[in-house]
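Examining the three-dimensional arrangement
Read off the chains here:
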Amino acid sequence: MYLGLDLGTSGLKALLMDGDQKVVASAPAALSVSRPHEGWSEQDPADWIAAAEEAVGALAQSHPQEMSALRGIGLSGQMHGATLVDGAGMVLRPCILWNDTRSHAEAGALDADPRFRQITGNIVFPGFTAPKLAWVRANEPEIFARVAKVLLPKDYLRLWLTGETISDMSDSAGTAWLDVTNRRWSPELLAATGVGEEHMPRLVEGTAPAGQLRGELAARWGMTGHVVVAGGAGDNAASACGLGVAKGGEAFVSLGTSGVVFAATDAYLPNPESAVHTFCHAIPATWHQMGVILSATDGLNWLAGVTGAKPAELTGELGAELRAPSGVTFLPYLSGERTPHNDAAIRGALIGLSHQSDRASLTQAVLEGVAFALRDNLEALRAAGTELSSVMAVGGGSRSQLWLKTIATALGIPVELPADGDFGAAFGAARLGLIAAENAEPAAVLTRPGIASTIEPDRALASAYGDAYARFRALYPALKGV
């Protein structure tokens, strides 16, 4: 048996999988976020441990026989968080999370140093870990002076599970301290924020062993043998492992609160100017590119809140057939935008309204606007040398066949819908636990799910969608100045 632990922002999920990769059971535990000041977002790492105790304890109680046969654990987690511990492993302050923006000035200063983009292949975003340390150094010097290790959220869980300070390549690539092409810490980038390699965890590949479960925890949960803990992965790389997106040319689109276009690559292909993330994958000698839009299903949820209708009711009014764009354009920048604009200040807009613009036309514009924002991401990946022939679709928005048809037509490539199953980050983490515990070949484990359906682009509407995308592209620079 193998266990995947996915430490998210709003909760932790524990998933139990057998040797045939069949999901046996899963258990959730909720988490909350503290926002003591405008732009701040923090969590107490003690809450992560409590959540893991709750979720794993529930599995141990409901499936004692299966848990006794556990051989490997994989970890997945929210990226970029700065968890600061002292020499005794005690937490010095609440973890500063990925969506905390207090270090925007520090991020700008680091990004102005050309070494950061050159070595990491990425813009230094305020959410990344390095600018958070620069902020702590400037604003909380007494805490900064006591920092012995800087750990990412899932790696603090590992410290509790194993007593070891270790991280994997995919999660560490989001710190702005990793030499992404050579898969090692960069001494000069660390020095730029006043820390050194001694403050960093040891690095391993996501598929490699990275500690052993402490005997006290193994006994508490009823495990009878040695349990290996894998290096694991950042959340999106773990999701890719769950979907079998593990080699060049394979990709997925995630339609959740935010939207992601994730493509595995067999080479390091940076394109920081387009705000594409270029990170190490959880698999050796593999990287990935990732475009992110900040509002995907959030756009439809916003319209639902304004109109007083449920999202499914709104999309239901459009029927099953794809329509040509109406001329109403939605820019889904409700909380700024990441790829390709890297603009925290830009906000959303509905353009082209007329007396004929009813609720259905607004819904159609929202679906198209999110699809065109994903097209922006696809074009940014193409500019970096990644060409995709199809993508798998996951996330809550993928339940809408009409939205998938809209996206396929906007992207100009087929969208594949996986068969029913749990292919998320916790499943991917469990797969990494299996590989590490059994020294298994990653390609044999990270297989792709069956495809329930393939949604082809509507070629008859290609020209109309091309014109609508051109309008969409022209609107951002027009609005940026105001």
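Our subject is the structure listed above.
Our subject in this report is the structure included herewith.

What to know about the packing of aromatic side chains
- Applying the stated rule across the entire model yields 14 aromatic pairs.
- When the ring of Trp-302 is compared with that of Phe-330, the centres are 6.0 Å apart and the planes differ by 15°; the resulting orientation is stacked. Here Trp-302, found in helix H12 (residues 297–307), pairs with Phe-330, found in strand E20 (residues 329–331); they are 28 residues apart in sequence, far enough to count as distant.
- Plain terms: the ring middles of Phe-372 and Tyr-469 are 5.8 Å apart, the flat faces sit at 45° to each other, and that makes the pair tilted. Of the two residues, Phe-372 sits in helix H14 (residues 359–383) while Tyr-469 sits in helix H18 (residues 462–480), which places them 97 residues apart along the sequence. The same class applies to Phe-372 as to Tyr-469, namely buried.
- Through a chain of ring-to-ring contacts, three or more aromatic side chains come together here, namely Tyr-333, Phe-372, Tyr-465, Tyr-469, Phe-472 and Tyr-476.
- Here Arg-102 stacks its cationic end above the ring of Trp-40, 3.5 Å away from the centre of that ring.

Notes on the pattern of salt bridges
- Per the stated rule, a full pass over the model turns up 27 salt bridges.
- Between Arg-359 and Glu-317 there is a salt bridge, and its shortest N-O distance comes to 2.2 Å. A residue pair is termed long-range when its members are at least 10 positions apart, and Arg-359 in helix H14 and Glu-317 in the loop between helix H13 (311–316) and E20 qualify at 42 residues.
- Through salt bridges with shared partners, one network takes in Glu-42, Arg-93, Asp-100, Arg-102 and Glu-140.

Thoughts on the packing of H12 against H14
- Remark: H12 packs on H14, axes separated minimally by 9 Å, with the N-to-C direction vectors making an angle of 160°. In terms of their interaxial angle, H12 and H14 are classed as roughly antiparallel. In this structure, H12 meets H14 at a crossing whose hand is right-handed. Residues Gly-299, Leu-300, Leu-303 and Thr-307 of H12 pack against Arg-359, Leu-362, Thr-363, Val-366 and Leu-367 of H14.
- For the contact of H12 with H14, the residue count by class is five nonpolar, three polar and one charged.

Let's talk about the nonpolar core
- Formed by 55 residues in total, the largest nonpolar core has its most connected members in Leu-255, Leu-374, Leu-388, Val-391 and Ile-407.
- The element contributing the most residues to this core is H14, with 13 residues.
- In this view, Val-391 contacts Ala-251, Phe-252, Val-253, Leu-411, Ile-413, Pro-414, Val-415 and Glu-416; residues no more than four positions away in its chain are not counted.
- Core analysis: the next-biggest nonpolar cluster, separate from the first, contains 49 residues, Met-79, Leu-92, Ile-143 and Trp-185 among them.

Focus: the environment of Ala-192
- Position of Ala-192 relative to the elements: it lies in the loop between helix H9 (187–191) and strand E12 (202–204).
- Between the alpha carbons of Ala-192 and Arg-115 there is a distance of 9.8 Å; along the sequence they are 77 residues apart.
- If we skip the residues at most four places from it in the chain, Ala-192 touches Leu-110, Arg-115, Phe-116 and Arg-137.

Re helix H11 (residues 235–243)
- Burial runs high along H11: eight of the nine residues are buried.
- Among the residues of H11, those classed as buried are Asn-236, Ala-237, Ala-238, Ser-239, Ala-240, Cys-241, Gly-242 and Leu-243.
- Just beyond H11, the residue with positive phi is Gly-244, at close to 75°.

Notes on unusual backbone geometry
- With an omega dihedral of 5°, the bond running from Thr-339 to Pro-340 counts as a cis peptide bond.
- Positioned with a positive phi, Asn-342 is a non-glycine residue whose angle comes to about 50°.
- Structurally, the position occupied by Asn-342 is in the loop between E20 and strand E21 (349–351).
- Given a relative accessible area of 35%, Asn-342 falls into the partly exposed group.
- The backbone of Asn-439 sits at a positive phi, close to 50°, despite the residue not being glycine.
- In this structure, Asn-439 sits in the loop between helix H16 (425–438) and helix H17 (442–445).
- The class for Asn-439 is exposed, based on a relative accessible area of 71%.

Quick notes on the rules
Residues numbered from 1 in each chain as written. Predicted model: local features only at pLDDT ≥ 70, side-chain atom pairs only at ≥ 80, totals over all residues. Heavy atoms only, no water. Phe/Tyr/Trp six-rings, centres within 6.5 Å; stacked < 30°, edge-to-face > 60°. Helix = DSSP H or I, 4+ residues; strand = E, 2+ residues; numbered from the N terminus. Buried < 20%, exposed > 50% of the residue type's maximum accessible area, 1.4 Å probe, protein only. Lys NZ or Arg CZ within 6 Å of the ring centre and 35° of its normal. Salt bridge = Lys/Arg side-chain N within 4 Å of Asp/Glu carboxyl O. Axes fitted to C-alpha atoms, helices over the stretch in contact; angles between N-to-C directions. Parallel < 35°, antiparallel > 145°, perpendicular 65-115°, else oblique. Left-handed = near helix turned anticlockwise from the far one by under 90°. Contact = heavy atoms within 4.5 Å. Nonpolar A, V, L, I, M, F, W, Y, C, P; charged D, E, K, R; others polar. Core = buried A, V, L, I, M, F, W, Y, C linked by side-chain atoms within 4.5 Å.

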